[in-house]
Amino acid sequence: MQAAEGQRGRDGGSQRRSPLDVIMSQIRRKRTASDRKPLGRFLSRTSERTGIPEDGEMEGREERGQSSGVAEAAESERHVGWGRVCVFLQRMGKKVDSRSLSLAHCDLTATDLLELATLLQFLPQLEEVDVSWNELIGGCLKALTSHLQHVGGIRKLRLCSCRLAADDITALGEALGCVPLLEILDLSWNSGVGGGALQDLLGKLQPTLRELHLVACQLTAADATVLGGLVSSLLRLCVLDVSCNPQLTQEVDAGGFRELASSLSHAASLTTLRLQACGLTKDSLDSLSGSLRCLPSVRELDLSCNKSLAGGLNHLTLHLTHLTHLESLDLHLCCLTHSDLEALIQVLPSLTALMELDVSSNKEAGGVLHPLVSALPLTQMRRLPLNSCSLNEESFTAFALAVPYLRSVDVSWCKVVGGRLALLLDALQLSVILELRLSSCELTTDDLRHLAAVCRRGCLSSLRVLDLSYNGSVGDDGWSAVFAAEGLGSLEDVDLSLRPSTSAPCSAWLPALLRALPRLPALTRLGMRRWTIVSQDRQQLNHRLRKRSVLLEWDSPNRIKESSSSSSSSSSSFKATNQESHPEE
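Every chain is numbered independently, its residues counted from 1 as its sequence is written. Per-residue local features of the predicted model are confined to residues with pLDDT of at least 70, and side-chain atom pairs are confined, for both listing and counting, to 80 or more; whole-chain, interface and lining totals are unaffected and use all residues. Only hydrogens and water are removed before side-chain values are computed, so all heavy atoms of the structure are retained for them.

With that settled, consider the overall build of the protein chain. Scanning the protein chain for helices and strands turns up 21 helices and 19 strands. Under the scheme applied here, a residue whose accessible area is under 20% of the maximum for its type counts as buried, over 50% as exposed, and between as partly exposed, the area being computed with a 1.4 Å probe on protein chains only. Relative to its full complement of 585 residues, the protein chain shows a buried share of 48%. If you take every contact in the protein chain between residues at least 6 apart in sequence, the share linking residues at least 24 apart comes to 83%. Surface summary for the protein chain: the accessible area is close to 27,100 Å², and the carbon and sulfur share equals 50%. By the criteria applied, helices consist of DSSP H or I runs no shorter than four residues and strands consist of E runs no shorter than two, each listed in order from the N terminus. The contact definition used throughout considers only heavy atoms, calling two residues in contact when any of these lie within 4.5 Å. Using the Shrake-Rupley algorithm and a 1.4 Å probe, accessible areas are obtained, with residue cover drawn only from the displayed protein chains.

Put into structure tokens, the structure is as follows:
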């Protein structure tokens, strides 16, 4: 009777039992606990339908209930943790992403960094961490690195401009073993890295590292020796950027850069080597050239902004032939001499993969441009900037031969362009041009009319950047013609600014610009510094650009004319009150 009552309780209080239930109950009494399970499986559908549990099932349910409770608690904790992550990122104005944590330019404090560290345990899938440009976290990086064991899958770690000190680098070195998959490490713009702190990373970087960025870290010659040891152990290293470290090459006799250059021979996977503004000299090139024969994979070599290279480029060019895959060579602002350029021209035919050559800001380049262009593999060239190269009529004509193959054209600060732009623009008709930079070229109104005609023909439909700044000699009709023309639908960046010491009204051509805005859907930036405008027109322009989220670069309000001003006063120009420093030829 008690069994019957218990059974009714299990059946949810039913008053009658089915014949099958009675038979099943009798069978279970006769079977042992060990051989009931097959029958239970055989009659599982019946048991589920009737709600009759097998012997031992209650015990299993209790165990499953306990494990389920633990799982539910863990899941609840994960949900709460993820909620904290979302709140933290939203407070910083950043998007939530379980794989990428980007907190650059967030003014993080030491307290924020500590809170972030406690949230890493809720981001097990994290692959990228970027806390760059947060200078207040310097000196307390250990608060973050001590929790990196929760995110062992990190592949990219960026800590640029965080005012890292030697203790921070030590803490980072101690934690690198927790991120065995790290591929990119960027410590650029941290002066505390130089002066010996780099020693704490020696032997700590994982062999998976592919990119090491140490730009402007005040590295010394002693650091160059340590860096050489790092490079020798990183067999998969593809990118090494130590630009803007002018002390790196000092004390050549004591080793330093010579040891670093020698270690590069072990980096057979290196594809990008950047040594911009590192104080390279002729002796530095001697040390570097010996390793080039061991670097067949290099595709980008940046030696720019090293003025002491003047007269010694031939120490390097003899070995450039080993870089059979070289695609980009940057030598801008190196004070190259005529003999340097001749040595470069001799080796150019062997660089069959070259796509970008930058010899801009080298005045002597204008005198040898014709043989230089003739030596290039023109059909594959994409960039050949020649700004500030003192071009003459002959060299400008020679450059026009290369223009049809280029994606970017930059002849800024070359006065010979003014009045001759048609020669350049006619050559553009056969190319897919993305950038056209004509700053300070003394352009005329006719030049811009010809530019408008090329736009109407659709030859600049792919253009994204148009720089016409510092060309105050262009009349109102020229500016109006450019904006009245169609065919600039891909334009993203336009600069029409005037020189710092000048000013002019834009009321005559502003209506053409306003009408053109709907035809410029991709526009994100408009530079109009030192143009004067009546306040009513300024409000109208601001309103139209704000709806499109276009950045308008203008001067301070003292340049804006009041709408009540007379037409004569609104069209008058006056001197600028704020001066800027800009490079001259």
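Let's pick the thread back up.
With that settled, the discussion passes to the confidence of the model for the protein chain. Here pLDDT means the predictor's own confidence in every residue, given as a number from 0 to 100. Here the protein chain shows a mean pLDDT of 85. Residues at 70 or above account for 81%. Counting contacts from residues 30-54, a segment whose pLDDT is below 50, to residues more than four positions away or on other chains yields 23 contacts. Segment residues 560-585 is flagged for pLDDT under 50; beyond a separation of four residues in sequence, or across chains, it makes 54 contacts in the model.

Its identity is not glycine, yet Trp-189 carries a phi of approximately 65°, on the positive side. The topology assignment puts Trp-189 in the loop between strand 4 (184-186) and strand 5 (211-213). Given the relative accessible area of 44%, Trp-189 is considered partly exposed. Within the chain, Leu-333 stands out as a residue other than glycine whose phi angle is a positive 55°. Along the chain, the position of Leu-333 falls in the loop between strand 9 (328-330) and helix 13 (338-347). Under the relative-accessibility criterion, Leu-333 is labelled partly exposed at 32%.

So, about the sheet that holds strand 10 (residues 356-358). Pairing between strands is defined by DSSP: at least two bridges between them are needed. One open sheet accounts for 10 strands, arranged 1-2-3-4-5-6-7-8-9-10; its pairing is parallel. The sheet is open, and its two borders are formed by strand 1 (100-102) and strand 10, each paired with just one other strand. Averaged over neighbouring strand pairs, the angle between their axes works out to 5° when direction is ignored. Where strand 6 (residues 239-241) and strand 7 (residues 272-274) come together, 3 bridges link them in parallel fashion. If you follow Val-239 over to strand 7, its bridge partner there is Thr-272. Only the contacting stretch of a helix is used when fitting its axis, a line to C-alpha atoms as for every element, and angles between N-to-C directions run 0 to 180 degrees.

Structurally, Glu-442 is set in the loop between strand 12 (435-437) and helix 17 (445-456). Exposure remark for Glu-442: the relative accessible area of 47% places this residue in the partly exposed category. Linking Glu-442 and Ser-412, residues 30 residues apart in sequence, is a C-alpha distance of 9.7 Å. Among residues more than four places away in sequence, those in contact with Glu-442 are Lys-415, Gly-418, Gly-419, Asn-471 and Ser-473.

Here the focus is the state of the cysteines. When the sulfur atoms of two cysteines come within 2.5 Å, that pair is taken as a disulfide. Counted under the stated rule, the structure contains 0 disulfides. No disulfide involves Cys-278; its nearest neighbouring cysteine sulfur is the one of Cys-244, lying 7.2 Å away. Of the residues examined, Cys-278 reaches a relative accessible area of 0% and is grouped as buried. Summary of cysteine pairing: Cys-335 is not part of a disulfide, and the nearest cysteine sulfur, belonging to Cys-334, is at 7.7 Å.

Attention now moves to the packing of helix 17 against helix 18 (residues 476-484). Direction vectors running N to C along helix 17 and helix 18 enclose 10°, while the axes themselves pass 8 Å from each other. One way to sum up the angle between helix 17 and helix 18 is to call them roughly parallel. In contact with Thr-445, Leu-448, Arg-449, Leu-451 and Ala-452 of helix 17, helix 18 contributes Asp-477, Gly-478, Trp-479, Ala-481 and Val-482. Residues that form the contact of helix 17 with helix 18 fall into these classes: 6 nonpolar, 2 polar and 2 charged. By the definition adopted for this analysis, an angle is roughly parallel if under 35 degrees, roughly antiparallel if over 145, roughly perpendicular if from 65 to 115, and oblique otherwise. In this count, Pro and Cys sit with the nonpolar residues alongside Ala, Val, Leu, Ile, Met, Phe, Trp and Tyr, while Asp, Glu, Lys and Arg are called charged and the others, Gly among them, polar.

Let us look at the side chain of Thr-208. Positionally, Thr-208 belongs in the loop between strand 4 and strand 5. For Thr-208, a relative accessible area of 17% puts it in the buried group. What Thr-208 contacts, discounting residues up to four positions off in sequence, is Pro-180, Leu-181, Leu-182, Glu-183 and Arg-236.

Pairing is parallel in the open sheet, where 6 strands are placed in the order 11-12-13-14-16-18. For this open sheet the edge positions go to strand 11 (408-410) and strand 18 (551-553), each flanked by a neighbour on one side alone. If you compare each strand with its neighbour and ignore which way they point, the axes differ by 5° on average. Pairing between strand 12 and strand 13 (residues 465-467): 3 bridges, direction parallel. In the strand pairing of strand 13, Arg-437 is matched with Asp-467.

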